[in-house]
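Here are the chains, one letter per residue:
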Amino acid sequence: MTARLADAVRRRRAELSLNLIQVRDRGGPRAPLMVRIERGDTEVITPEILDALDRSLEWTIGSAASTLEGGTPTPRETAEVQFAPSGVTISHGEVAALTAATFRLQQLSSDRAQDSDLVEAIEDLAQAVAPLYGQFITELLAANTHGLGSDIVVDAVAPLLAERADSELDEGAALRRWLAMPDAKRDRGEDA
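Residues numbered from 1 in each chain as written. Predicted model: local features only at pLDDT ≥ 70, side-chain atom pairs only at ≥ 80, totals over all residues. Heavy atoms only, no water.

**Student:** Looking at this model, I keep getting lost on a nonpolar patch on the surface. Mind explaining?
**Tutor:** A cluster of nonpolar side chains, contributed by Ile-90, Leu-98 and Leu-132, occupies part of the molecular surface with about 200 Å² of accessible area. Tracing the sequence through the fold places Leu-98 in helix H6 (residues 92-110). (Patch = residues over 30% accessible without salt bridge, like charges linked within 9 Å, V, L, I, M, F, W, Y side chains within 5 Å. Areas by Shrake-Rupley, 256 points an atom, 1.4 Å probe, with all protein chains shown as cover. Salt bridge = Lys/Arg side-chain N within 4 Å of Asp/Glu carboxyl O. Helix = DSSP H or I, 4+ residues; strand = E, 2+ residues; numbered from the N terminus.)

Structure below.
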């Protein structure tokens, strides 16, 4: 019955106009797991995942579990929980400027490799900026699933598309590679 749940989750997310990151921010599953749920290829769905789907998709308690058993999810009349933005909001332009400055510092530090403190500090900055840049690129790819159009944009996302998804610090690496795939490969269900 995972196909039934997958269809209901996709439809509800579209009804609410939510991207994968927004679902996660509402207490739902992380983006890579949501992709698997929406593909219907999740073998084991825990009660915690079902609860997270109910919460983030504004379904009544137990709706996801009911759907998994062949039922139909029930939307809440009004949201029982109001989700406030977490943290500080930063614009795409600010993320781009911060990322560009970090990349420039990394390039400059390669000429000063003998100053290990400087190199280490710049690497710490790069590690801190990477999740912001990753989220920015993931949202860009999710919003433009039919192609990015510009070689400049493709060049900007190339470093993140090359990442492996081994790191817990950046849960979106595999998702970004999948979103950047040509539609035909994605439709065939090929992995990133």
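**Student:** What's the story with helix H1 (residues 2-15) in this structure? I'm lost.
**Tutor:** Side chains that are three or four residues apart share a direction in an α-helix, a result of its 3.6 residues per turn. The terminal C-alpha atoms of H1 lie 20 Å apart, and with 14 residues this matches the ideal 20 Å at 1.5 Å per residue to within 8%. Every buried residue of H1 is accounted for by Leu-5, Ala-6, Ala-8, Val-9, Arg-12 and Arg-13. Seen along its axis, H1 keeps its buried residues to an arc of 170°; they face one direction. Set apart from the buried face of H1 by more than 90 degrees, the exposed residues are Ala-3, Ala-14 and Glu-15. Against the buried residues of H1 lie helix H2 (20-25), helix H3 (31-39), helix H4 (47-56) and helix H5 (63-68). Just downstream of H1, Ser-17 is the residue with a positive phi angle, here 55°. (Expected span 1.5 Å × (residues − 1). Buried < 20%, exposed > 50% of the residue type's maximum accessible area, 1.4 Å probe, protein only. Arc of directions from axis to C-beta. Contact = heavy atoms within 4.5 Å.)

**Student:** Explain the side chain of Thr-102 here, please?
**Tutor:** Among the structural elements, Thr-102 can be located in helix H6. If we skip the residues at most four places from it in the chain, Thr-102 touches Leu-125, Ala-126 and Val-129.

**Student:** Even after reading the chapter, I still don't get the confidence of the model for the protein, so can you show me in this structure?
**Tutor:** Per-residue pLDDT for the protein averages 75, and the proportion of residues at 70 or more is 64%. pLDDT under 50 marks residues 78-85. Its contacts with residues more than four places away, or in other chains, come to 5 contacts. Segment residues 163-170: pLDDT under 50, and 14 contacts once partners within four positions in sequence are set aside and those in other chains are kept. (pLDDT = per-residue confidence, 0-100.)

**Student:** I would appreciate a short explanation of the packing of H1 against H3 in the present structure.
**Tutor:** Where H1 contacts H3, the axes come no closer than 7 Å and their chain directions differ by 120°. Overall, the two elements H1 and H3 adopt an arrangement that is oblique. From H1, Ala-6, Val-9, Arg-10 and Arg-13 reach across to H3, where they touch Met-34, Ile-37, Glu-38 and Arg-39. For the contact of H1 with H3, the residue count by class is 4 nonpolar, no polar and 4 charged. (Axes fitted to C-alpha atoms, helices over the stretch in contact; angles between N-to-C directions. Parallel < 35°, antiparallel > 145°, perpendicular 65-115°, else oblique. Nonpolar A, V, L, I, M, F, W, Y, C, P; charged D, E, K, R; others polar.)

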